[in-house]
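Structure at a glance
Take a look at the letters that make up each chain.
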Amino acid sequence: MGNNYQEKLVGVFGDPVDENPSVVIEQAAFDYYKIPYRYLTVQVKEPELKQAMEGMRAMNFSGINLTMPHKQNVLPYLDEISHTAAIIGAVNTVYRKKGRLYGENTDGKGFMQNLKNGSVEVAGKKAVILGAGGVARAISVELAKAGIVKIVIVNIVREQGEELTKLLNDKTKTKAEFVFWEGTFLVPEDTDLFVNATSIGFENANELPDVDYDSLPPKIVVCDVIPNQVSTRFLKEAEKRNCRVFNGLQMLVYQGAFAFEIWTGLEAPVDVMANALMDVYGVKSSRSA
Ligand code: NDP
């Protein structure tokens, strides 16, 4: 019998994509199981997504992650999408089954798993979310599915914020309100969960969402989606007020863990994936000893 050199291809399409760390997380998991998967980081420019999706079909890719600017634009090139991804209107993970391409969104699931890991119960609680972009949509739909009673969407562009608020009110049981973000935002007293789902702090770590941090109710749960720092300035301000903080790095690991499980059917080695990512940032994962 000859050797089998054929690889199972997965990866990420995005632009820019050069600093996307998903390869670190996913390849660590494939290598842990010694399975012949290869994760590719591929720059696909916005107008070329159609050809890229045809290409991944032709090359028999097992799946693909989508990042900026493709999460919404990919929908027409898929055969089927999950109910949640359809509500969110965006897909970050594609998998192939019997030649058909299926779309799922694991961003909000990664966020929820991070909370679950910290034994945070969201049913019956009230959340305030800064931002109304792709990640804010994914997180708010998952929070609504998990039984959160109220979500306040805070955004600097009225149209985008109102659209997400309407989506939540129309398609979920959660009551949503929109607050136009003008000047310094005061956190409502009854907030249980406060989330930065903007991109503030991603490119410039010194940037801080314009919030009156002294208005943060103590001991509430505060989350950041920024995936390239252990503790953002936003989380540091929350920690100073004795809030419980959850970072975007762990969320990134969990959304990647869900993609791994969808593609391989194996249980994701979450600690291996987290440690591989934390190595990039020179720290140990908080999940492992
Ligand atoms: P989008 O561009 O879709 O949304 C960004 C949001 O941030 C928009 O609501 C935008 O407002 C708001 N925003 C940007 N700059 C400002 C500002 N100066 N003041 C107030 N609001 C601002 O991006 P995504 O939702 O896709 O991604 C958001 C962040 O989440 C990124 O940094 C990304 O890296 C991170 N991310 C993290 C993941 C994880 O697993 N941890 C997974 C995926 C993404 P508007 O558009 O209305 O102007």
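The structure this text deals with has already been given above.
Residues numbered from 1 in each chain as written. Predicted model: local features only at pLDDT ≥ 70, side-chain atom pairs only at ≥ 80, totals over all residues. Heavy atoms only, no water.

1. Considerations on the overall build of the protein chain
- Of the regular secondary structure elements, the protein chain holds 9 helices and 14 strands.
- Here the C-alpha atoms of the protein chain give a radius of gyration of 19 Å, agreeing with the 19 Å that 2.2 N^0.38 yields for 289 residues.
- In terms of overall dimensions, the protein chain has C-alpha extents of about 70 × 45 × 35 Å along its principal axes.
- Out of the 289 residues belonging to the protein chain, those deemed buried represent 52%.
- In the protein chain, the proportion of contacts linking residues at least 24 apart, taken out of those at least 6 apart, comes to 67%. (Helix = DSSP H or I, 4+ residues; strand = E, 2+ residues; numbered from the N terminus. Rg over C-alpha atoms; globule rule 2.2 N^0.38 Å. Buried < 20%, exposed > 50% of the residue type's maximum accessible area, 1.4 Å probe, protein only. Contact = heavy atoms within 4.5 Å.)

2. Here's the deal with a negative patch on the surface
- Together, Asp18, Glu19, Glu203 and Glu207 give the surface a local cluster of negative charge.
- Among the structural elements, Glu207 can be located in the loop between strand E11 (193-196) and strand E12 (211-212).
- What makes Glu207 partly exposed here is its relative accessible area of 40%. (Patch = residues over 30% accessible without salt bridge, like charges linked within 9 Å, V, L, I, M, F, W, Y side chains within 5 Å. Areas by Shrake-Rupley, 256 points an atom, 1.4 Å probe, with all protein chains shown as cover. Salt bridge = Lys/Arg side-chain N within 4 Å of Asp/Glu carboxyl O. Lys, Arg positive; Asp, Glu negative; His and termini not counted. Charge placed at Lys NZ, Arg CZ, Asp CG, Glu CD.)

3. Some thoughts on the site of the ligand
- Surrounding the ligand, one finds 23 residues, the nearest of these being Ala132, Val135, Asn155, Gln160 and Val225.
- Here an oxygen atom of the ligand and a backbone polar atom of Gly133 are 3.3 Å apart.
- Gly248 is positioned with one of its backbone polar atoms (N or O) 2.9 Å from a nitrogen atom of the ligand.
- Protein contact buries 75% of the 930 Å² of open area that the ligand shows by itself.
- Taken together, the elements giving at least two residues each to the shell around the ligand come down to helix H5 (134-145) and helix H8 (248-264). (Near = heavy atom within 4 Å. Polar contact = N/O pair within 3.5 Å; in protein donor to acceptor, adjacent residues only side chain to side chain.)

4. Side note on the side chain of Thr264
- By secondary structure assignment, the location of Thr264 is in helix H8.
- Within the local environment of Thr264, its side chain forms a polar contact with the backbone oxygen of Phe260, the two atoms lying 2.8 Å apart.
- Of the polar contacts made by the side chain of Thr264, one reaches the backbone nitrogen of Leu266; its length is 3.0 Å.

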